[in-house]
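Here is what each chain is made of, one letter per residue.
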Amino acid sequence: MIISKDLFILGDEYLTMPRKDKCEDKTPVSRPEGSAAHLHNSATKQRHRSAELVFRTVCVSCSGKQILQDVSGMVRPGEVLAVMGPSGSGKTTLLNALSGRMKTDSGLITLNGETLTKQLRRRICYVTQQDIFFPDLTLRQTLTFSALLRLPEYMSYHEKMEHVDHILDVLGLSCCQHTVIGDMMRRGLSGGEKKRANIASELLTNPTTMLLDEPTSGLDSSTAFSLMTTLKNYAEKENKTVVITVHQPSSQIFHMFDRLLLLCNGQLAYFGEAKQVVDFFSGIGLQISPHYNPADFIMEQLKKGPEVQEKIIVAACETGKLTAHVLQKELKVFNERICLVNKEDETTSTPMSTLDCPNCNNNIWENFSHCEPPQHNPRSIKETSHSTSAKYMWSIGPPCKHDQARPVELRVVIDKDRKLQTVYQRLGRSSCSGVTSREDMQEEGKWPTSFLTQLKVLTQRNFIEARSRMLSKLNWIQTVGLGLVCGLIWFQVQRTESTLSDIRGWMFFSMTYWMLFNLFGALISFPPEREVINKERASGAYRLSAYYVAKMIGELPLTLTLPTVFHFISYPMLGIYSIKTFLCLWGFLILNTIVAQSVGLFIGASCTDLQVSVTISALYSLSTMLFGGYYSSSIPSWLQCLKCLSIVHYAFQNMQLVEFTGGPPIWCSTTNSQFEACRSGSSPSIPVEDIIGHQRYLFPLWANTVILVLFLVVFRLMGYLVLRFIHKPK
């Protein structure tokens, strides 16, 4: 049995509305394996229930400017609420506030009577106006990774893939599932297909409420109508709550809307049924011409001038108060049938006050039940006292023919602290209403999947996404060609004092080239990737730590590939004298490359402006090259301390120590040698200490290596902290 009476607050009065969803005697229907309904149910073993979204007197300001002022409205399961208004009227801001991504100055937003929390936000999917994807992944890959990350852990891989197939079929995307998403530089999905792909990625989690920011923007009329038809059917058949912003729809699309909310300069210009908006404008003297698109007419009126706008806003306010006054009588009759007492809310620990109830009518069940009233089971009223408060519970017969007797608590409360006046019900999880309860939320973990699952899936996705970018054909050609050119320039170089600068030149060039290559590669690739990550983090798909570790692991083999190819081509052409020296030089080249990539990730995470980040990166990388010890060995004493911040300095020292210690000796020049050992004739070869000993702050091999590892750890850690605390998604 369901007792239901929904209230929507407009201004300071009540608006009562009967619920659509009724508890009926339903028998379980067996569904064939592989059917759409079977796939949908398999994807949601613990099905998300229907949700009623109510918002009252929402106010939002930014940088001292009022964007939204006292905006109220509601939308119920199975309905489509359209938010219309001129550009800059606050449509997107309202959606950001409803989704919890923008802080409100005042007002109240509830989902099934519960104040919107971070956990309740997981029931709301937000489809942004921008179609943000990894452009190099196919549509199938995009949805697969999203399903593996966002669908519950208890579902098998096969069930998740069945759900992906179901979503592709429902949205008509099966024919293009193996097409890359694409971007401005690479052709991929069409505009309409990207819009549907954006919706598909959010539908995977079976949300109770969908918020879509201008889903028809940029589409032709036929594609826009097809998309809106899909959304309308989804709302009705799946009993979902849909809110969309739309600028100026066609007449066909306009008549699909159940409710309409008009905004004008951030204020409420109309809220009610979409089919009654023409009568509303006619009532204030704004007549629409026959056979005229209502959407076009509305937008024309909202743009006419301050006088007309003020007239519409005042009329909207008066209409809301009048409607509330008429429907107040129905609420009064309803209140007289409910016995109300003071009680502190057990869930929110918020003090509650109650309305007077002079007449407690025990026959409330017959008046409000959507099921057959119990015939034989006696009612028993149980009263439990707690100081001065109590609550009354009715234990009644079967609420539905297929269910058992369950206690139901019905209360009418006024929440003074939150300024919430509403009638709401607390029902068991198996109740026919299908309302999301706080108990449902507690059973779910904070994340849909475990850390190890997120790490595994994100590592695989990062590898696939970065492979085409880091190992492109142009990069292969560039690496192989440059390796051959370097090998030919320093081909079989002699190990003498006169060619000493040539050997050191190859080491310095190879090290600095791959430092710059990976530093700027990480820098440029991070901004577009950050948009996708912020979008997924805002929806609660995975932990930031899982993404960050997965990015390091997934891109590691790609980072090593090209420097390895370069080293294996160029160094043998110089002449391999020791396998140990060859491998050690390769190891330090790789270490320097990874450290440089860490610097690029940190700068990319810290700077939202690409030009600023490129400037900072160029300043740091070129400065660290100057302090590396190759261009200048006599640095002023007051600048010597800056050597400590140069990653090139430590890497270059290590490569010299390995090359000149493990390789053949460097023979002295027969005449005019610059080394004392050669001039004195004490040694035919140049000692290693004399080659690199003139440089100050000379550390041993292990110390340089430890310092480079510290650079790696510190920059990676600072990049994570920036993303975690400074540039976190809204």
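Residues numbered from 1 in each chain as written. Predicted model: local features only at pLDDT ≥ 70, side-chain atom pairs only at ≥ 80, totals over all residues. Heavy atoms only, no water.

### Observations regarding the overall build of the chain
How we decide: Helix and strand definitions follow DSSP, with helices as H or I runs of at least four residues and strands as E runs of at least two, each counted in order from the N terminus. Three exposure classes are used, based on accessible area relative to the maximum for each residue type with a 1.4 Å probe and protein chains only: buried under 20%, partly exposed in between, and exposed over 50%. Contact criterion: two residues are considered in contact whenever any of their non-hydrogen atoms come within 4.5 Å of each other. Reported accessibility uses the Shrake-Rupley method at a 1.4 Å probe radius. Residues are deemed covered only where the shown protein chains occlude them.
What the chain contains, in helices and strands, is 22 helices and 18 strands. Expressed as a percentage of the 730 residues in the chain, the buried residues total 52%. Relative to all contacts within the chain whose residues are 6 or more apart in sequence, the contacts with residues 24 or more apart total 73%. As presented, the chain carries roughly 33800 Å² of accessible surface, and 57% of it is formed by carbon and sulfur atoms.

### Some words on the state of the cysteines
As a reminder, the rule being used: To count as a disulfide, a pair of cysteine sulfur atoms needs to be within 2.5 Å.
Applying the stated criterion across every chain, the model contains one disulfide. A sulfur-sulfur separation of 1.8 Å characterises the disulfide bridge that pairs cysteine 668 with cysteine 678. Taking the sign of the S-S torsion, about -65° here, the bridge from cysteine 668 to cysteine 678 comes out left-handed. With cysteine 668 in the loop between strand 17 (666-667) and helix 20 (676-680) and cysteine 678 in helix 20, this pair connects stretches of sequence that are 10 residues apart. The residues cysteine 668 and cysteine 678 share a single accessibility class, namely buried.

### Structural notes on unusual backbone geometry
Even without glycine at this site, threonine 57 takes up a positive phi of about 45°. Note that threonine 57 resides in strand 3 (residues 53-62). We note that asparagine 265 has phi near 55°; this positive angle belongs to a residue other than glycine. Along the polypeptide, asparagine 265 turns up in the loop between strand 11 (259-264) and strand 12 (267-273).

### Quick look at the environment of cysteine 644
Following the sequence through the fold, cysteine 644 ends up in the loop between helix 18 (610-626) and helix 19 (647-662). For the pair cysteine 644 and glycine 628, spaced 16 residues apart in the sequence, the C-alpha separation amounts to 10.0 Å. Contacts of cysteine 644, omitting those with residues within four sequence positions, involve Tyr650 and Phe711.

### Re the nonpolar core
Short version of the rule: The term nonpolar core refers to a set of buried residues drawn from Ala, Val, Leu, Ile, Met, Phe, Trp, Tyr and Cys, joined through side-chain atoms within 4.5 Å.
Counting 143 residues, the largest nonpolar core has Met210, Phe257, Leu260 and Phe281 as its most contacted members. The element contributing the most residues to this core is helix 15 (residues 500-538), with 15 residues. If sequence neighbours within four positions are ignored, leucine 260 has contacts with Leu81, Ala82, Met84, Phe254, Tyr270, Phe271, Gly272, Ala274, Val277 and Ile298.

### Describing the environment of tyrosine 548
By secondary structure assignment, the location of tyrosine 548 is in helix 16 (residues 544-574). Remark: the alpha-carbon pair of tyrosine 548 and threonine 459, spanning 89 residues in sequence, is separated by 9.5 Å. Filtering out sequence-adjacent residues up to four positions away, tyrosine 548 remains in contact with Phe715, Arg716, Gly719, Tyr720 and Leu723.

### Quick notes on the environment of phenylalanine 463
Mapping phenylalanine 463 onto the fold places it in helix 13 (residues 451-470). Since its relative accessible area comes to 28%, phenylalanine 463 is described here as partly exposed. Linking phenylalanine 463 and methionine 552, residues 89 residues apart in sequence, is a C-alpha distance of 9.8 Å. With residues up to four places along the chain from it excluded, the contact list for phenylalanine 463 reads Gly554, Pro557 and Leu558.

### A few points about the confidence of the model for the chain
Put simply, the rule is: Scored between 0 and 100, pLDDT is the confidence that the predictor attaches to each residue.
When pLDDT is averaged along the chain, the result is 75; 75% of the residues meet or exceed 70. Within the chain, no element has a lower average pLDDT than strand 14 (residues 389-395), which sits at 29, and none a higher one than helix 14 (residues 473-489), at 93.

### A word on the pairing of strand 9 (residues 209-213)
Which entries qualify depends on this criterion: For two strands to pair, DSSP has to find at least two bridges joining them.
The buried fraction of strand 9 amounts to five of the five residues, a majority that puts the element mostly inside the structure. The alternating pattern of strand 9 places Thr209, Leu211 and Asp213 and Met210 and Leu212 on opposite faces, both of which are buried. Pairing between strand 8 (residues 124-127) and strand 9: four bridges, direction parallel. By the bridge assignment for strand 9, isoleucine 124 is matched with threonine 209.

### Regarding empty space enclosed by the protein
The following threshold applies: Residues are called lining when one of their atoms sits within 4 Å of a cavity or pocket point, these points coming from a 1 Å grid over the protein atoms alone, where a cavity is a set in which a 1.4 Å probe fits but cannot get out and a pocket is an open set with protein on both sides within 12 Å along at least five of seven lines. Grid points are joined across faces, edges and corners, and a volume is the space filled by probe spheres set on the points. Gly is placed with the polar residues, together with every amino acid not listed as nonpolar (Ala, Val, Leu, Ile, Met, Phe, Trp, Tyr, Cys and Pro) or charged (Asp, Glu, Lys and Arg).
Under the definition given, this model contains nine cavities of 30 Å³ or more. Considering the residues around the second largest cavity, the lining is formed by 18 residues, among which Thr142, Ser146, Arg461, Lys535 and Glu536 are closest to the centre. Put simply, the parts of the chain that give the lining of the second largest cavity at least two residues each are helix 3 (139-150), helix 5 (191-203) and helix 15. Residue contributions to the lining of the second largest cavity peak at five residues, all from helix 3. Of the residues in the lining of the second largest cavity, the class split is nine nonpolar, four polar and five charged.

### Let's talk about the pairing of strand 12
Burial runs high along strand 12: five of the seven residues are buried. In sequence, strand 11 turns back onto strand 12 through a hairpin of two residues, with asparagine 265 there showing a positive phi of about 55°.

### Side note on the packing of helix 17 (residues 579-606) against helix 22 (residues 701-726)
Cut-off, in case you're wondering: Whenever a helix is involved, its axis is fitted only over the stretch in contact; in every case the axis is a line through C-alpha atoms, and angles between N-to-C directions fall within 0 to 180 degrees. Roughly parallel here means an angle under 35 degrees, roughly antiparallel means over 145, roughly perpendicular means 65 to 115, and every remaining angle is called oblique. Should the near helix be turned counterclockwise from the far one by less than a right angle, the crossing is left-handed, whereas a clockwise turn marks it as right-handed.
Where helix 17 contacts helix 22, the axes come no closer than 8 Å and their chain directions differ by 25°. Judged on the interaxial angle alone, helix 22 and helix 17 are roughly parallel. Considering only the axes of helix 17 and helix 22, their crossing is left-handed. Across the interface between the two elements, Phe588, Leu591, Ile594, Val595, Gln597, Ser598, Val599, Leu601, Phe602, Ala605 and Ser606 of helix 17 pack against Leu701, Thr705, Leu708, Phe711, Leu712, Phe715, Arg716, Met718, Gly719, Val722 and Leu723 of helix 22.

### Structural notes on helix 6 (residues 221-237)
Worth spelling out the cut-off: Any helix carries an expected span of 1.5 Å times its number of residues minus one. As used here, the arc belongs to the directions running from the helix axis to the C-beta atoms. Polar contact is defined as a pair of N or O atoms within 3.5 Å, subject to the rule that within protein one atom must be able to donate a hydrogen and the other to accept it, and that residues adjacent in sequence are counted only when both atoms are side-chain atoms.
For helix 6, with 17 residues, the first-to-last C-alpha span of 24 Å sits near the 24 Å given by 1.5 Å per residue. Along helix 6, the positions that sit buried rather than exposed are Ala224, Leu227, Met228, Leu231, Lys232, Tyr234 and Ala235. Down the axis, helix 6 shows its buried residues gathered within 160° of arc, on one side only. Relative to its buried face, helix 6 has exposed residues pointing more than 90 degrees away, namely Ser222 and Lys237. Each element contacted by the buried residues of helix 6 is listed here: strand 5 (80-84), helix 5, strand 9, strand 10 (241-245) and helix 7 (251-254). The residue sitting at the N-terminus of helix 6 and contributing the capping side-chain oxygen is aspartate 220; that oxygen lies 3.2 Å from the backbone nitrogen of serine 222. Of the residues one or two after helix 6, asparagine 239 is the one with positive phi, at around 55°.

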